[in-house]
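Geometric and topological summary
Listed below, chain by chain, are the residues.
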Amino acid sequence: MLNKYPMWKNIMVVLIIAVGGFYAIPNLFGEDHAVQVVATRGVEVTAQTQATVTDVLASNDIAVKRSELENGQLLVRVQNPEQQLTAREAISEALGDKYTVALNLAPATPEWLEALGGGPMKLGLDLRGGVHFLMEVDMSEAVRKMEEAKIADFRSQLREEKIRYAGVRKTPRGIEIKFRDADTVGKAERYLKTRGTDMVYSDISSGDNFVLLANMSEIYLKQIKEEALQQNITTIRNRVNELGVAEPVVQRQGAERIVVQLPGVQDTARAKTILGATASIEFRMVDDKASPTAAASGRVSASSEIFDRRGGGQVVLKKEVMLTGDHITGAQPSFDEYSRPQVSISLDAKGGSIFSNVTKDNIGKPMATLFIEYKDSGERKEDGSVKMTKIEEVISVATIQARLGRNFVINGLDHKEAQSLALLLRAGALIAPVTIVEERTIGPSLGAENIESGMQAMIWGMAIVLLFMLIYYRAFGFIANLALMANLIMVVGVMSMIPGAVLTLPGIAGMVLTVGMAVDGNVLVFERIREELLAGRTVQQAIHEGYGNAFSTIADANITTFMTALILFAVGTGAVKGFAVTLMIGIATSMFTSIVGTRSVVNALWGGKRLKTLSI
C-alpha cells in the first residue's frame, strides 16, 4: 500500500524529536548567581571547606540555594546579585589567599535533569559578554633563548671531549665555534654530529681562520616554536583557571598566536595583568644553623630569611640564591626504585654547570625550592594599575645526596605533591614573551542586546514563514510549520548535547538561515505534489511521487551547503566556526524533519486512503 510507514519508523521519528526536545528543555531554566571557590596554593577544597563556607554565609544571613562540591571546586548558588557580591567578600575573607573566590553564573537546570545529562547551550563571548585577547608569542625570543642554551652546550660538550676551541659566539649567520687548526675543526664537527640532529654544521674556514658554523635545522626550529606556543598556552590556561572563569577559551590561532576569551570578565586590566604575570622558582640552601626558637620569634641572621612552608610551618633559608627557575627546561613526576614519588628536573647547560658547582660543597645538607608568584591583590594603585602581591613559599625541602648536574630529582613528596610541583615548574612562567595585539571588551548589556536582536530576527522570520506556509499550502502548510518547530527544537537540543558547541551571534544567524532552508525542502515537495495532481495522478500517487522526485533535489542542495559549512568549520576560527557548526546541525535536522518528519505525518493523515482532493 502506498504512503504507509511501518510502525517502527513512526516510533523512530517520535523518539528522535522527543530526545531533541528533552535536551532542549534545560535552556528554559536560566542561570543562578553563584560564587566559585577553587584551591590554588597547595590546599584542597574539601567537605570541611564547604562546611566553613556554609557557616560564613549563614552568619551573613545569605540563603544558599544549592552548594556543590565537584572536581575539587565548590559552587555555591545564592538568590540574587547583591547576595552574590556579599558572599564573595565574606568567603574571600574567611578562606584567605590560598583560595580563588570568583563570581559565576551557574545553569539553573534541575538536578534530575543534570543527572540525565541535560544542560543548557553554552553562550559565546558576544552573547554573554566578557573580554577577548589575541596574543602573539615572541618566537624570536624563544629561539634566542635556545641559541644561548646551545652555546653553553657546545662549550661543555667540547670540554668533556677535550677538544680545544678558541671561542663560541652568536653571529648573524649562526653560532660560530673557532678552533686553532683544521684537524680540530674536523674532529669537533664529527663529534658534535653524533650528539644529535638538531643542528646543521658547516666548515667555513678561510686562511688561518678555522671556524665551524652551526645553525638550527628547519625541523628543530619548527619544534622550538611549537613547544613555545604549547607551553605558553598551558601557562595561560593555568592562569585563566586562577581567574575562576567559567567556560574560558584558550586556543591557538595560526603558528604564533593565542586566542583568549573570558566570558563574564569585565575588568580587562585585571585580566591582562594576571595573564601576563610572572612566576618563578629559586633553589636555596636551608640555614640549618638558625635557632628554631629564634626563628619562631622572627629573629634570624642578616644572611638568612624566614619563609612560610606550604602545608604549614616555617623554614629559614639563606639569602644567596643557588639557581633560578629560568634554567629549568623540563620537569616530570616520576617514581624512584622504591616506588616513591619524585620530580625529575632537567636544566640547560648553563644551569647544570652552576648547579654542579654549588652542590658539590653542600652534599648532605638540606636544599629548599622556593616558589615566587605575583598575584592580583584586588586593589589598584593611584595611577589605576593593578596592585600585585608577591607571594613566596617553600614548596619542598630535600637533602642533597650527591653532586647534582643537569638532571636531578626532588623527593620527599607524595604523589599529588610531585605532580603539582612538576606542573608548577613547567607552567610557572611563560617560555616566551607574549604581546596583546587585539583586545575587545563586550559588556553583558551588549550581549543581552545581541541575544534580544537575534531572538527578534528569529521570531519575526519564523512568524512570516509560518503564516505564508499556512496560507499558501493550507493543511500541508500546517504540517510544514510543525516540522519547522520540531527542527528548531532539535537544533537547540543537539547544540546543548555537544560538549564543545558554543552558540554565538553568527550561530543565531545560522539558525535563522536553517529556518529558511528547512521550509525550502517542504516547498519543493509540496510543489511536486501539486504538479503530479495537475498531471492527473491520484492523491496517493501524487504524494508518493512528490516526495520521491523532490528527494534528490533537496539532498543535492543540502549536501553542497553542508560541505561548504564543513570547509568553513575547518579553516575558520571563533565566530565563523560557531556559524558553521549551527548550520551543519541545522541542515542535518532540517533534512530529517522536512523529508522524514512531514512524510510520517502526511502518511498518518492521508496515506492509503481513497481521497479525491488534497488540501494543498
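What counts as what
Residues numbered from 1 in each chain as written. Predicted model: local features only at pLDDT ≥ 70, side-chain atom pairs only at ≥ 80, totals over all residues. Heavy atoms only, no water. Helix = DSSP H or I, 4+ residues; strand = E, 2+ residues; numbered from the N terminus. Buried < 20%, exposed > 50% of the residue type's maximum accessible area, 1.4 Å probe, protein only. Contact = heavy atoms within 4.5 Å. Areas by Shrake-Rupley, 256 points an atom, 1.4 Å probe, with all protein chains shown as cover. Polar contact = N/O pair within 3.5 Å; in protein donor to acceptor, adjacent residues only side chain to side chain. Pairing = 2+ DSSP bridges. Axes fitted to C-alpha atoms, helices over the stretch in contact; angles between N-to-C directions. pLDDT = per-residue confidence, 0-100. Parallel < 35°, antiparallel > 145°, perpendicular 65-115°, else oblique. Left-handed = near helix turned anticlockwise from the far one by under 90°.

Assigned secondary structure in the protein chain consists of 16 helices and 22 strands. Counting every position in the protein chain, which comprises 616 residues, the buried fraction comes to 45%. Within the protein chain, contacts between residues separated by at least 24 positions form 71% of all contacts whose residues are at least 6 apart in sequence. Put simply, the protein chain shows about 31200 Å² of open surface, and 55% of that area lies on carbon and sulfur atoms.

Let us now look at the side chain of Thr593. Tracing the sequence through the fold places Thr593 in helix α16 (residues 575–606). Given the relative accessible area of 2%, Thr593 is considered buried. A distance of 3.2 Å separates a polar side-chain atom of Thr593 from the backbone oxygen of Ser590. Ignoring any residue separated from it by four or fewer positions in sequence, one finds Thr593 in contact with Ala483, Ala486, Asn487, Met490 and Thr598.

Moving on: the sheet that holds strand β6 (residues 130–137). Strand order in the open sheet formed by four strands is β11-β12-β6-β21, with antiparallel pairing between adjacent strands. The two strands at the open ends of the sheet, each matched to only one other strand, are β11 (249–253) and β21 (434–442). Averaged over all adjacent pairs, the angle separating strand axes in this sheet is 15 degrees, with direction ignored. Taken together, the seven bridges between β6 and strand β12 (residues 257–263) define a ladder with antiparallel strand orientation. Each bridged residue has a counterpart across the sheet, and for Met135 the counterpart in β12 is Ile258.

This part is about the sheet that holds strand β9 (residues 199–203). Pairing within the open sheet is antiparallel, and its four strands lie in the order β7-β8-β10-β9. Each edge of the open sheet is held by one strand with a lone partner, namely β7 (167–171) and β9. Taken pair by pair, the neighbouring strands of this sheet meet at an average axis angle of 25 degrees, ignoring direction. The sheet contact formed by β7 and strand β8 (residues 174–179) spans five bridges and is antiparallel. Across the sheet, residue Arg169 finds its bridge partner in β8, namely Glu176. Against the sheet, helix α7 (residues 182–194) makes contact with β8, β9 and β10 (210–216), and its axis sits at roughly 20 degrees relative to β10, the strand it touches most.

Bringing the confidence of the model for the protein chain into the picture now. Residues shown with low pLDDT carry predicted positions that ought not to be read at fine detail. Chain-level statistics for the protein chain give a pLDDT mean of 81 and a share of 87% at 70 or above. Element-level mean pLDDT values for the protein chain span from 63 in helix α12 (residues 415–427) up to 92 in helix α1 (residues 7–24).

A large share of β8 lies buried, amounting to five of its six residues. In this structure, the hairpin formed by β7 and β8 is closed by a connection of two residues. By the bridge criterion, five bridges tie β8 to β10 in an arrangement that is antiparallel. Among the inter-strand pairings, Phe179 is bridged to a residue of β10, identified as Phe210.

As a further point, take the packing of helix α2 (residues 47–59) against helix α3 (residues 81–95). Their axes nearest at 10 Å, the elements α2 and α3 cross at an angle of 130 degrees. By the angle between their axes, α2 is oblique relative to α3. In the packing of α2 onto α3, the handedness of the crossing is right-handed. The residues of α3 that touch α2, namely those facing Thr49, Thr52, Val53, Val56 and Leu57, are Ala87, Ala90, Ile91, Ala94 and Leu95.

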